[in-house]
Amino acid sequence: MSEERESNIEPVPDPALRAALADAFGEQPAGADWATIAARTRAAARFRLRARTRVVPWWEQLTPWATRLLPLGAVAAAAALVLAMVTPRPAAPLADSAVVSSTVDGRDAIADAIAAPNGSGAVRRVAGPVDDDWLWNATAAAHAAEAR
Amino acid sequence: MTADDAVDAALVERVRGGDVDAYDELVRRHMRRAHAVAYRLLGQAEDAEDLVQDAFIQALDRIDSFDIERPFAPWFFRILTNRGLNMRQSRALRAVSEIPGDTASHDDSPEQSAEREELRTRLREAVATLPERQQLIVQLFEIDGWTSAEIARTLGISDGTVRWHVHEARRALRAALEPLRRQEQS
């Protein structure tokens, strides 16, 4: 076909050649059932066309990526595990409940010390030195006097 | 692109989305021409129907690779002719041997019948020596009366190339029939 050329001359109809060729190769078949041919073709294509309209579920959309994502995920998980093992853990902070409990226990101890017969001495042992704290000294003295 | 090509392109877009009606319309628009070409390739009406259906299904399978900016017909008919040539080879040309059969008039004398049969055989042999595309073009042009423009649009080649094929085929066929003509004259 590489030797194909062009011609500007429209071939003139040749009835004798046409008749001879028609005799040798036949005329086009008359009365083809076009509706049946179209219906058969449509029926054969229906499954393929339906496949084009079907909503693809998420797991099928992921399938093409799975071959890449799964190894990547495995590598990332292994790296995270190694990092977690190598990194030193920070000291655990005190729980809030422990602080509250300690505070409450401290208050109870102070109250007991104040209520004790030798008042200010016990308070001093529990709460530490009270020097230079005029408010604390005044409160402790008032409670001690009241207790007596 | 012609208006017909634009309609085809719009239908192809819908077919890509699975539109059955669009596919049906596309089939109906090209079915008759496809059947004519298929018949010229295979020489049997039933085989031609099978080929047409097969080509439309193949086209659907490859519809995503079709360039929407180009005409649909040449793309589709290339699929059809390739499939048809494959089918023709695989079926060992059973069609050609079954073509017209006995179309001789019953009024023919034995000599006339023999002459007609001789002419048929020579013509078939001569056509078989032509390039495959030329065989198709000469039959569509000479027997089926397609214009060079129609053939060109269908096969995706220029009018001038179609005309050249027709001239070449005529020259080859006349040369093949020349001995018969001399016999008649003598």
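Throughout this description, residue numbers start from 1 for each chain and increase along the sequence as written. Numbering of ligands from 1 and lettering of chains from A proceed in the order in which they are written. Whole-chain, interface and lining totals are the exception, using all residues; otherwise, since this is a predicted model, local features are given only for residues with pLDDT of at least 70 and side-chain atom pairs are given and counted only at 80 or more.

(A) Representation of the overall build of chain A within the structure. When you go through chain A residue by residue, the secondary structure sums to six helices and zero strands. Starting at the N terminus and ending at the C terminus, chain A contains elements arranged as α-α-α-α-α-α. Burial status across chain A gives 9% buried among its 148 residues. Strands here mean DSSP runs of E at least two residues long; helices mean DSSP runs of H or I at least four residues long; both are numbered from the N terminus. Here a residue counts as buried when 20 or more other C-beta atoms fall within 10 Å of its C-beta, as exposed when 12 or fewer do, and as partly exposed in between; the C-beta atoms come from the backbone.

(B) Highlighting the overall build of chain B. When its secondary structure is counted, chain B shows nine helices and zero strands. Shown N-terminal to C-terminal, the secondary structure of chain B runs as helices and strands in the order α-α-α-α-α-α-α-α-α. Expressed as a percentage of its 186 residues, the buried residues of chain B come to 36%. Excluding contacts between residues fewer than 6 apart, the proportion of contacts in chain B whose partners are at least 24 apart in sequence is 67%. Remark: residues whose backbone-derived C-beta atoms lie within 7 Å of one another are considered to be in contact.

(C) Summary view of the interface of chain B and chain A. Across the boundary between the two partners, chain B contributes 46 residues, which contact 36 residues of chain A. Every element with two or more residues in the side of chain B that touches chain A is listed here: α2 (20-42), α3 (45-61), α6 (110-128), α7 (132-142) and α9 (159-185) of chain B. With ten residues, α2(B) is the largest single contributor of residues to the side of chain B that touches chain A. Within the side of chain B that touches chain A, the residues separate by chemical class into 20 nonpolar, twelve polar and 14 charged. Residues are grouped as follows: Ala, Val, Leu, Ile, Met, Phe, Trp, Tyr, Cys and Pro are nonpolar; Asp, Glu, Lys and Arg are charged; every other residue, Gly included, is polar.

(D) Spatial organisation of helix α2 (residues 34-53) of chain A. An expected span of 1.5 Å times one less than the residue number is assigned to each helix. Between its first and last C-alpha atoms α2(A) spans 27 Å; for 20 residues at 1.5 Å apiece the expected length is 28 Å, and the two agree. By definition, a residue's bend is the angle between the axes fitted to the seven residues ending there and the seven starting there. At A:Arg46, α2(A) shows its maximal kink, close to 45°. Considering only its buried residues, α2(A) is in contact with α2 and α3 of chain B.

(E) Molecular detail of the environment of B:Phe66. All names here are of chain B. Relative to the helices and strands, Phe66 is located in the loop between α3 and α4 (72-90). On a C-alpha basis, the gap between Phe66 and Ala9 in space is 9.7 Å, while along the polypeptide they are 57 residues apart. Sequence-distant contacts of Phe66, defined by excluding residues within four places in its chain, comprise Val12 and Trp75.

(F) Up close: the packing of α2(B) against α7(B). Residue and element names in this part refer to chain B. Every axis corresponds to a line fitted to the C-alpha atoms, with the helix fit spanning only the stretch in contact, and the corresponding angles, defined between N-to-C directions, vary from 0 to 180 degrees. Taken N-terminus to C-terminus, the directions of α2 and α7 make an angle of 120°; their axes are 10 Å apart at the nearest point. In terms of their interaxial angle, α2 and α7 are classed as oblique. Regarding α2 and α7, the two cross each other, and that crossing is right-handed. Residues Val37, Arg40 and Leu41 of α2 lie in contact with α7, whose contacting residues are Leu136, Gln139 and Leu140. Classifying every residue of the contact of α2 with α7 by side-chain character gives four nonpolar, one polar and one charged. An angle below 35 degrees is read as roughly parallel, one above 145 as roughly antiparallel, one from 65 to 115 as roughly perpendicular, and any other as oblique. Here is the rule for handedness: rotate from the far helix to the near one, and if that takes an anticlockwise turn smaller than a right angle the crossing is left-handed, while a clockwise turn gives right-handed.

(G) Here's a closer look at the confidence of the model for chain A. Put simply, chain A has an average pLDDT of 77, and 69% of its residues get 70 or more. One number per residue, pLDDT, summarises how confident the predictor is, and it ranges from 0 to 100. Counted against residues more than four places away or in other chains, residues 97-102 of chain A, with its pLDDT under 50, gives one contact.

(H) Main features of the environment of B:Leu155. All names here are of chain B. In this fold, Leu155 is placed in helix α8 (residues 148-155). Note: C-alpha distance between Leu155 and Phe76 (79 residues apart in sequence) is 9.0 Å. Leaving out residues up to four positions away in the same chain, Leu155 has contacts with Pro74 and Phe77.

(I) Focus on the nonpolar core. Counting residues in hydrophobic clusters, the biggest one holds 50 residues, and the most contacted among them are B:Val37, B:Ala38, B:Val52, B:Ala55, B:Leu80 and B:Ile137. An automatic or database domain assignment is the source of the domain bounds shown. Three or more residues apiece are contributed to this core by two domains, here domain 1 (3-90) and domain 2 (102-185) of chain B. With residues up to four places along the chain from it excluded, the contact list for B:Val52 reads A:Ile37, B:Met31, B:Ala34, B:His35 and B:Ala38. Any set of buried Ala, Val, Leu, Ile, Met, Phe, Trp, Tyr and Cys residues joined through C-beta atoms within 7 Å is what this text calls a nonpolar core.

(J) Representation of the confidence of the model for chain B. Here chain B averages 88 in pLDDT, and 90% of its residues register 70 or above. Per the prediction output, this complex has pTM 0.66; the corresponding ipTM is 0.83.

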